[in-house]
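Chain by chain, the residues:
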Amino acid sequence: MSNILWKSLVISPAVLGATLLVSTTAIAAPTTTTEVSSTDKQAAPELAQKPAEIIAQAAPSSDDGKVLEQVNRYSKEGASNTQAQVTSVSQFSDVQPTDWAFQALQSLVERYGCIAGYPNGTYRGNRALTRYEFAAGLNACLDRVNELIATATADLVTKQDLATLQRLQEEFSAELATLRGRVDSLEARTAELEANQFSTTTKLVGEAVFAASGAFGGNTGDANNVVFQDRVRLGLETSFTGRDKLTTRLAAGNASAFDIRDQNNVSVNTREGTQTYQVGSTGNNAVRIDRLTYEAPFGPAQVYIAAAGGRHSHYAAVNNPYFFDKTDGGNGALSTFASESPIYRVGGGAGIALNIPFSSGGTIFKPSSITVGYLASEANNPGVNTGLFNGNYAALGQLNFAVGDRLALAATYVHGYHAAGSALFDSGITPASGDSPIGGVVGTRQANQIDAPANSNSYGISAAFRPSDRLSISGFVSFHDVNQQGAGNDFEAWSYGGGISLPDFGKRGNVLGIFAGAEPYARRAGSPGTLPVHVEGFYKYRVSDNISITPGIIWLRAPGQNSDEENAFIGTLRTTFTF
């Protein structure tokens with residue numbers, strides 16, 4: 001017993017001295033505290049995309065957090081950057097025999113074997129450290145002492161080393177005690193949080209949109225007032241394997257679209273200018289489940305199953321970065337038209353989809369995949385001409401190509417069935433669903449109106465090009481051939497648009513976007529032939545990681561395809577909270 005105790009005492013000074021050198025500075029001025037260098041700070045990731053809510057809630061006070069952050073970073077640096085144990089000081093390329101600490105470093109390397117360097121063969125002896133970093137290193141060396149005692153391989157050291165150990169223990173006793181107490185406190189708080197957490201498999205995410213909006217110009221301006229509207233989405237995201245996701249989302253809202261008027265002051269009943277936060281509004285903020293989906297890998301494929309509220313843009317690539325945000329989310333474009341191609345608005349509801357990669361390399365088109373999906377808007381209704389297969393449905397097929405990491409292309413086909421009285425671009429929203437708007441979410445009345453049972457065949461292409469990290473260009477074209485029962489009822493609809501976005505414009509996280517094109521319009525008997533034009537501009541300003549403010553304006557030329565080209569303007573100030 002006395003032999004082991006003596007060995008523990010005599011080996012400790014050497015190991016503690018090793019800590020001093022591993023921490024890459026000498027105590028030339030013991031009363032001076034040096035902060036972590038800015039270079040090291042910049043090496044850390046600037047921002048985590050999804051902060052860990054649980055850790056954030058368990059974090060100690062700001063001062064405590066800074067201390068633990070320094071200690072943890074120092075410990076991780078030692079764990080991740082060190083190389084295999086060196087056996088000679090000559091293995092360090094930046095250590096010279098003329099260095100003042102060369103003999104001490106040589107002794108620690110060759111006598112005690114407790115010094116390691118960086119993977120590039122350097123020691124970085126001039127790097128600054130804080131007292132808390134030194135305390136963390138000292139604590140690590142005490143663990144090394146215990147290891148040497150347990151293996152009974154420690155060699156005897158001098159009395160001078162023993163004196164050095166005693167002096168260092170006395171000088172850093174306060175820091176060691178503080179560090180030990182704060183770590184214990186953090187562990188206790190974490191244990192309490194884990195014991196009382198909501199779920200080990202589910203996390204809560206949410207979005208709340210506040211929007212002040214008004215319509216101006218001509219008869220439309222006279223028929224509408226400035227409004228303040230809202231929409232809230234609360235989602236429970238559950239993962240059972242770590243790779244799958246069950247989404248259960250509640251939604252409520254009180255938003256509705258403006259009444260667009262023509263030159264005769266008659267409502268044109270159009271869905272042009274509909275904004276993303278107005279989709280899924282329940283009226284008077286009634287709460288309902290607006291999405292219930294499950295996504296999981298199946299071999300090389302990704303499976304998407306929707307029990308309610310399914311959308312094609314949930315599983316298919318829309319190729320519209322910075323304008324599209326999680327299917328009508330509050331951080332993208334203002335309007336449903338600028339958010340995604342109208343071809344993804346044909347149908348919706350319950351069903352299944354697969355995304356299957358068919359190329360693993362060998363060409364410039366990688367990773368390439370094929371996407372197929374089927375959604376029925378009345379799948380829960382067992383009545384006549386409804387259900388999963390006999391009611392309204394839309395089947396999608398899409399080829400996806402990526403050329404490097406700068407260009408994405410997609411070719412899309414959608415075949416649908418639509419009962420009389422439904423809308424072509426309804427996103428699966430029906431009067432029975434409890435959502436709005438009814439009669440379509442994008443485009444003119446002429447392009448949406450289904451007068452008799454009809455089959456539709458829609459074709460679209462989309463592309464997104466990012467020449468740099470600060471510029472993105474995207475666009476789409478879609479054609480829709482609608483065959484209704486009865487003579488002379490068939491019609492065609494077209495839509496196209498393109499946008500330019502400038503991410504990080506003025507500040508990291510901000511986006512300046514401009515989008516222009518023609519919302520879906522129809523060529524059919526009795527319909528005016530004027531081309532409706534949609535021009536939109538917005539600037540998303542990121543206040544913080546969870547709050548953004550987006551002012552923007554939408555200009556509609558000839559809404560409702562009116563021949564006199566009546567103009568309408570919609571101005572919006574949107575604030576989005578996400579968590």
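Residues numbered from 1 in each chain as written. Predicted model: local features only at pLDDT ≥ 70, side-chain atom pairs only at ≥ 80, totals over all residues. Heavy atoms only, no water.

Draft legend 1. Summary view of the overall build of the protein. In terms of helices and strands, the protein carries 13 helices and 16 strands. Evaluated residue by residue, the protein yields a buried proportion of 45% over its 579 residues. Within the protein, residue pairs in contact and separated by at least 24 positions form 67% of the contacts whose partners lie at least 6 positions apart. Put simply, the protein shows about 27,700 Å² of open surface, and 57% of that area lies on carbon and sulfur atoms. (Helix = DSSP H or I, 4+ residues; strand = E, 2+ residues; numbered from the N terminus. Buried < 20%, exposed > 50% of the residue type's maximum accessible area, 1.4 Å probe, protein only. Contact = heavy atoms within 4.5 Å. Areas by Shrake-Rupley, 256 points an atom, 1.4 Å probe, with all protein chains shown as cover.)

Draft legend 2. Quick look at unusual backbone geometry. Despite not being glycine, N284 has its phi angle at roughly 60 degrees, a positive value. By the element assignment, N284 lies in the loop between strand 3 (245-253) and strand 4 (288-298). Of note in this structure, Y322 is not a glycine but carries a positive phi near 75 degrees. Secondary-structure assignment places Y322 in the loop between helix 10 (312-315) and helix 11 (336-339). Take Y322: its relative accessible area is 28%, and that puts it in the partly exposed class.

Draft legend 3. Spotlight on empty space enclosed by the protein. All told, the structure shown has 3 cavities of 30 Å³ or more when counted by the stated rule. When its volume is computed, the largest cavity comes out at roughly 90 Å³. Lining the largest cavity, in full, are R233, R249, V279, G280, D290, G309, R311, H314, T327, D328 and D435. The residue inventory of the lining of the largest cavity, partitioned by class, reads 1 nonpolar, 4 polar and 6 charged. (1 Å grid on protein atoms, 1.4 Å probe; cavity = no way out; pocket = protein on both sides within 12 Å on 5 of 7 lines; lining within 4 Å. Points joined across faces, edges and corners; volume = space filled by probe spheres on them. Nonpolar A, V, L, I, M, F, W, Y, C, P; charged D, E, K, R; others polar.)

Draft legend 4. Up close: a nonpolar patch on the surface. Among the surface-exposed residues, F198, L204, L234, L236, L250, V287, I289 and F579 lie close enough to one another that they form a single nonpolar patch of about 750 Å² accessible area. Structurally, the position occupied by I289 is in strand 4. Of the residues examined, I289 reaches a relative accessible area of 41% and is grouped as partly exposed. (Patch = residues over 30% accessible without salt bridge, like charges linked within 9 Å, V, L, I, M, F, W, Y side chains within 5 Å. Salt bridge = Lys/Arg side-chain N within 4 Å of Asp/Glu carboxyl O.)

Draft legend 5. Fine view of the packing of aromatic side chains. Enumeration according to the criterion identifies 17 aromatic pairs in this entry. Taking 5.3 Å as the distance between ring centres and 40 degrees as the angle between the ring planes, the aromatic pair formed by Y304 and Y315 counts as tilted. In this pair, Y304 sits in strand 5 (residues 301-310) while Y315 sits in helix 10, placing the two residues 11 residues apart along the sequence. Between Y393 and Y417, the aromatic rings sit 6.4 Å apart at their centres with planes inclined by 20 degrees, giving stacked as the arrangement. Residue Y393 is located in strand 8 (residues 393-403), and its partner Y417 is located in strand 9 (residues 407-418); the two are separated by 24 residues in the primary sequence. Using a relative accessible area of 24% as the deciding quantity, one classes Y417 as partly exposed. Each residue in the set F323, F337, F476, F515 and F538 is aromatic and connected to the rest through ring pairs, giving one cluster. Between the NZ or CZ atom of R524 and the centre of the ring of F491, over which it lies, the distance is 4.1 Å. (Phe/Tyr/Trp six-rings, centres within 6.5 Å; stacked < 30°, edge-to-face > 60°. Lys NZ or Arg CZ within 6 Å of the ring centre and 35° of its normal.)

Draft legend 6. A look at the side chain of H314. As for its placement among the helices and strands, H314 is situated in helix 10. At a separation of 2.7 Å, a polar atom in the side chain of H314 contacts the side chain of Y304. Ignoring anything within four residues of it in the chain, the contact list for H314 reads R291, T293, Y304, G309 and T327. (Polar contact = N/O pair within 3.5 Å; in protein donor to acceptor, adjacent residues only side chain to side chain.)

Draft legend 7. Seen up close, the pattern of salt bridges. Tallied over the entire structure, the rule returns 12 salt bridges. Between R167 and E171 there is a salt bridge, and its shortest N-O distance comes to 3.7 Å. Residue R167 and its partner E171 are both found in helix 7 (residues 159-171); the two are separated by 4 residues, about one turn of the helix. By relative accessible area, which is 47% here, R167 ends up partly exposed. The class of E171 is partly exposed, set by a relative accessible area of 25%. In this structure, the salt-bridge partner of D328 is R345, at a minimum N-O distance of 2.8 Å. Pair noted here: D328 is in the loop between helix 10 and helix 11 and R345 is in the loop between helix 11 and strand 6 (349-359), with a separation of 17 residues, a long-range link. Here D328 and R345 have matching classes, each one buried. Residues participating in the shared-partner salt-bridge network are D328, E340 and R345.

Draft legend 8. Broad picture of the pairing of strand 12 (residues 491-503). By the alternation rule, side chains of strand 12 split into F491, A493, S495, G497, G499, S501 and P503, which are all buried, and E492, W494, Y496, G498, I500 and L502, of which none is buried. Of the pairings in the sheet, the one linking strand 11 (residues 471-484) to strand 12 comprises 11 bridges and is antiparallel in character. By the bridge assignment for strand 12, D481 is matched with E492. A loop of 6 residues connects strand 11 with strand 12, the two strands running antiparallel in sequence, and G486 in this loop sits at a positive phi of about 105 degrees. One ladder, built from 11 bridges, connects strand 12 with strand 13 (residues 511-523); its direction is antiparallel. Pairing of E492 across the sheet is with R523, part of strand 13. (Pairing = 2+ DSSP bridges.)

Draft legend 9. Representation of the confidence of the model for the protein in the model. Per-residue confidence for the protein gives a mean pLDDT of 81, with 78% of residues at or over 70. Below a pLDDT of 50 lies the segment residues 77-84, which in the model reaches 16 contacts outside its immediate sequence neighbourhood of four places, other chains included. (pLDDT = per-residue confidence, 0-100.)

Draft legend 10. Main features of the pairing of strand 5. Strand direction decides the pairing type here: strand 4 and strand 5, joined by 7 bridges, are antiparallel. Residue pairing for strand 5: F298 is matched across the bridge by A301. Taking the residues that link successive antiparallel strands as the turn, the strand 4-strand 5 hairpin has 2 residues, and the phi of G299 there is positive, at about 65 degrees. For strand 5 and strand 6, the ladder comprises 6 bridges, and the chain directions are antiparallel.

Draft legend 11. Layout of helix 8 (residues 173-196). Taking 1.5 Å as the rise per residue, helix 8 with 24 residues should run 34 Å; its terminal C-alpha atoms sit 35 Å apart, in good agreement. Within helix 8, burial applies to E175, L176, L179 and L193. (Expected span 1.5 Å × (residues − 1).)

Draft legend 12. Examining the side chain of T220 more closely. By secondary structure assignment, the location of T220 is in helix 9 (residues 218-223). Judged by relative accessible area, which is 1%, T220 ranks as buried. A polar contact is formed between the side chain of T220 and the backbone nitrogen of R261, at a distance of 3.0 Å. If sequence neighbours within four positions are ignored, T220 has contacts with A215, D259, I260, R261 and A568.

Draft legend 13. Representation of helix 7. Between the first and last C-alpha of helix 7 there are 19 Å, a value that for 13 residues agrees with the 18 Å anticipated at 1.5 Å per step. Of the residues making up helix 7, those classed as buried are D161, L165 and L168. The buried side chains of helix 7 occupy one side of the element, clustering within an arc of 75 degrees when seen end-on. Summarising the geometry of helix 7, the exposed residues directed more than 90 degrees from the buried face are K159, Q160 and E170. (Arc of directions from axis to C-beta.)

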